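Descriptive analysis of the structure
This is what each chain is made of:
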Amino acid sequence: MLTVLVVLLPGVVIGYILIAQWPEEIFQRVGDTVNISCNQKNSDLAYMFWYQQPQRNGLKLIVSTTSLREKFYEDGYSEAKFEISRKYTYTVMTIKNVTSKDVATYFCAASDHTFLTDTTIAQGKEYEGDEEFKVLLHTDDAHKTELMIQQFVTVNSGNMIFGDGTKLTVIEKDKEIIPPSVAIFSPSKQEIQQKNKATLVCLASGFYPDHLTLVWMVNDVKRTKGVGTDEFSTQNGSTYTLTSRLRIAAWEWFNPLNNFECVANFFQSGKEKSIHKVISGDAGCAVTEDSYLRYGNSVKLTYFILCGKALIYAVLVSSLLWRAKVGGKLYKE
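Here is a short report on the structure shown in this document. (Residues numbered from 1 in each chain as written. Predicted model: local features only at pLDDT ≥ 70, side-chain atom pairs only at ≥ 80, totals over all residues. Heavy atoms only, no water.)

1. Concerning the environment of Met160
Using the following cut-off: Per the convention used, a helix needs a DSSP run of H or I reaching at least four residues, while a strand needs a run of E reaching at least two, with both numbered from the N terminus. Think of it in three bands: residues with accessible area under 20% of the maximum for their type are buried, residues over 50% are exposed, and the middle band is partly exposed, with areas taken using a 1.4 Å probe on protein chains only.
For Met160, the position within the fold is in the loop between β13 (145-146) and β14 (161-162). Accessibility expressed as a relative area gives 3% for Met160, which makes it buried.

2. Re the layout of surface pockets
Space left empty within the atom packing is revealed by a probe, the size of a water molecule, rolled over the atoms. So the rule is basically this: Grid points spaced at 1 Å over the protein atoms alone were grouped into cavities, where a 1.4 Å probe fits but cannot get out, and pockets, open sets with protein on both sides within 12 Å along at least five of seven lines, with lining residues defined by an atom within 4 Å of a point. Grid points are joined across faces, edges and corners, and a volume is the space filled by probe spheres set on the points. When residues are sorted by character, Ala, Val, Leu, Ile, Met, Phe, Trp, Tyr, Cys and Pro go into the nonpolar class, Asp, Glu, Lys and Arg into the charged class, and all the rest, Gly among them, into the polar class.
Put simply, the largest pocket is a space of about 530 Å³. Surrounding the largest pocket, 23 residues form its lining, Gln55, Thr105, Lys167, Glu231 and Phe232 being those nearest its centre. Elements that contribute at least two residues to the lining of the largest pocket include exactly β9 (104-111), β15 (166-171) and β18 (213-218). For the lining of the largest pocket, the element with the most residues is β9, which contributes 3 residues. Partitioned by chemical class, the residues of the lining of the largest pocket number 9 nonpolar, 8 polar and 6 charged. Taken as a whole, the second largest pocket encloses approximately 290 Å³ of empty space. Lining the second largest pocket we find 18 residues, and of these Val103, Val170, Asp210, Gln235 and Tyr240 sit closest to its centre. Those elements that place two or more of their residues in the lining of the second largest pocket are β15 and β21 (234-236). Broken down by element, the lining of the second largest pocket gets its largest block of residues, 4 residues, from β15.

3. A short note on the packing of aromatic side chains
Formally: Centres within 6.5 Å are what make two rings of Phe, Tyr or Trp a pair, Trp counting through its six-membered ring; a difference in plane orientation under 30 degrees is then read as stacked, over 60 as edge-to-face, and the rest as tilted. Here, over-ring charges are defined by two tests on the NZ atom of lysine or the CZ atom of arginine: distance to the ring centre within 6 Å, and angle to the ring normal within 35 degrees.
As enumerated under the stated definition, the model contains 8 aromatic pairs in all. Relative to Phe82, the ring of Tyr77 has its centre 5.4 Å away and its plane inclined at 65°; by these criteria the two rings are edge-to-face. Grouping residues by exposure puts Tyr77 and Phe82 together as buried. In textbook terms, an aromatic cluster arises when at least three aromatic residues are bridged by ring pairs, as seen for Phe49, Tyr51, Phe107 and Phe162. Geometry around Tyr208 places Lys175 over its ring, the cationic atom sitting 5.0 Å from the centre.

Following this line, the structure appears as C-alpha cells:
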C-alpha cells in the first residue's frame, strides 16, 4: 500500500486554483453507500487523487486518476469498494457497503503532474532520480498513460492542492445516536497563584458515535486563542469522551461579568444540534481593570492617610518634647 506523508493546506487558493469538496461530514449506517464529490475551480489539472486518513494515522492513497479517465488503485483498495467516476475536473468517489473500518476523513487532491519513486521501472529500464520530485507521463506503444507516485514524499502546496476533506462516521445498525453530557470545570487555584493563568476544562462524555466538536465562547464571541482540544475522542466501552481546555489570564477569570461557554455540536436525526454549558467568572477576587484601578486608588489613599497620621504624630511628639524642654527650664529657675 502506498503511504504519502503530506503537508495539508486544505481548501487553499493557489493562483486562484481551488479544490471544492463536499459534503463536509457524512453519517451513515453500516451497509449504506456514500458519495463524496470533488471539483477543480479555475483549473484543469490532469491528475486527481483520493486519500483516506483513518484516525491516528497518516494519509493513504486510494486511487489516482488522469484526465484520460484512467484509474490506478493502490494495494488494499479496489473499484469494487471505492468506485471512482471522473468527467473533466469533476470526480465522485462512491464507497460501497460501509463498515466501521471505513471510518476516516477522505481528501480529494489535484496536481498538474505526478511523482516518480526514487527508483522506478519504466519501459523495462530502471530510472534513478536525484531530485526531490520527479515527473513521469509515460506513453508506451499502445499510447497507454502510466501514473506513478513517489512513496513517502512530503508534498507541499506548490505540487498538490487538497480539498477540505470529508469526515465519514459509520453508525452500527442496532445503535442510536446518544447526545453528550457536558460539564465545565473551574480552574485550579494553584495554577492561578503560581502562573497567574486560569485553565477551564470542558468535558463531553457518554456520546455515540464519535462525531462531536467542542467550541469555546467568551461573552457570546467564539474564542480560539488559548484553546486546546483533544485530537481524538477516547472510547469508553460503547460511548466516547472528548475534552477541551481554555486557558485565560487570571484577571479575566476573576471578573464575574465574564461568561465562559462550552458548546458541544453533534448530529441527530440528520440535523446539527448543540448543547451549551456556561460558567461565570469568579467574583471572590474581582481583579478586573476597573477594580485594579480602584484598588490602586485605594492604595494611594491609604498611603496619604498613613503619611498624614505620621505627620500628625511627628507634630505631637515635637510638641510634647518642646513642652518638656520649656517646663524643665522653668523648674530650674
